[in-house]
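One letter stands for each residue in the lines below.
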Amino acid sequence: MAATARNPGKQYTEFKEQDLTTSVQERTANKFDIYCPQESCRCKLLLAQAATLAHREKSKLSLPKLPVAPGATVSTIEENDSTVHEDTAQSEIKETEESNTTTAPVEDQQAFWRVSNMMAFENIGFSKKLPNGIQFLSCADCDTGPLGYHDSTGSSKEYLIALNRVRYHERS
Ligand SMILES: [Zn+2]
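- For the chain, an unreviewed UniProt entry supplies the name Guanine nucleotide exchange factor and the organism Entomortierella parvispora.

Remarks on the coordination of the zinc ion
Working step 1: Surrounding the zinc ion are the protein donor atoms Cys36 (SG), Cys41 (SG), Cys139 (SG) and Cys142 (SG), at 2.2 to 2.3 Å.
Working step 2: Around the zinc ion sit 4 donor atoms; with metal-centred angles ranging over 101 to 116°, the donor geometry is tetrahedral.
Working step 3: Read in sequence order, the donor residues coordinating the zinc ion give the pattern C-x4-C-x97-C-x2-C. With cysteine 41 in the loop between β3 (33-35) and β4 (44-46) and cysteine 142 in the loop between β8 (134-138) and β9 (148-151), the pair connects residues that are 101 residues apart, well separated along the chain.
Working step 4: Among the residues examined, cysteine 142 registers a relative accessible area of 33% and is labelled partly exposed.

Examining the sheet that holds strand β11 (residues 167-169)
Working step 1: Read across the sheet, 3 strands follow the order β4-β3-β11 without closing on themselves; strand pairing throughout is antiparallel. Both outer strands of the open sheet, β4 and β11, are each paired with one neighbouring strand and no more. Between one strand and the next, the sheet's axes are offset by a mean angle of 45°, whatever the strand orientation.
Working step 2: Both β3 and β4 contribute to a ladder of 2 bridges, which runs antiparallel. Of the residues in β4, the one forming a bridge with tyrosine 35 is lysine 44.

Definitions and limits used
Residues numbered from 1 in each chain as written. Predicted model: local features only at pLDDT ≥ 70, side-chain atom pairs only at ≥ 80, totals over all residues. Heavy atoms only, no water. Donors = N, O, S within 2.8 Å, 3.2 Å for Na, K, Ca; no water. Tetrahedral: all angles 85-135°; square planar, octahedral: opposite > 155°, others 65-115°. Helix = DSSP H or I, 4+ residues; strand = E, 2+ residues; numbered from the N terminus. Buried < 20%, exposed > 50% of the residue type's maximum accessible area, 1.4 Å probe, protein only. Pairing = 2+ DSSP bridges. Axes fitted to C-alpha atoms, helices over the stretch in contact; angles between N-to-C directions.

Take a look at the structure:
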């Protein structure tokens, strides 16, 4: 059962963030095809230029750590600022840091790939809707996630994939 077909994407850490973007008609789009973070999975999530760079508050979501599938290595996905445990994340996701300022500091923001229509994805999976209206997005093939989220209570419809939770494939 050796996984001979490997994910063509490279890890986020092999790029500088500005190298992942390209300008398309006055928006900042993803330069490369976006794949599942699991090396053993070849699931393509988004085509190049399908999404737009956006920054959202970390505290709005608090993405729990990615679960690591048996035998898989996603050590680079680990985020040292995340203290949410997988088993409690689903029930404890809430706005933990109610800020008094209207604009969150830059360091409290996280970069996402944003699409306004779920049909823009090549493949994507959705979690059940949480009580706060958030749905997590995951790999459609192997269920690795959360890779991002959809806030069904938001004023504008958007689907967000965290830049640092996916792989990138530079087509030659
Ligand atoms: Zn996958």
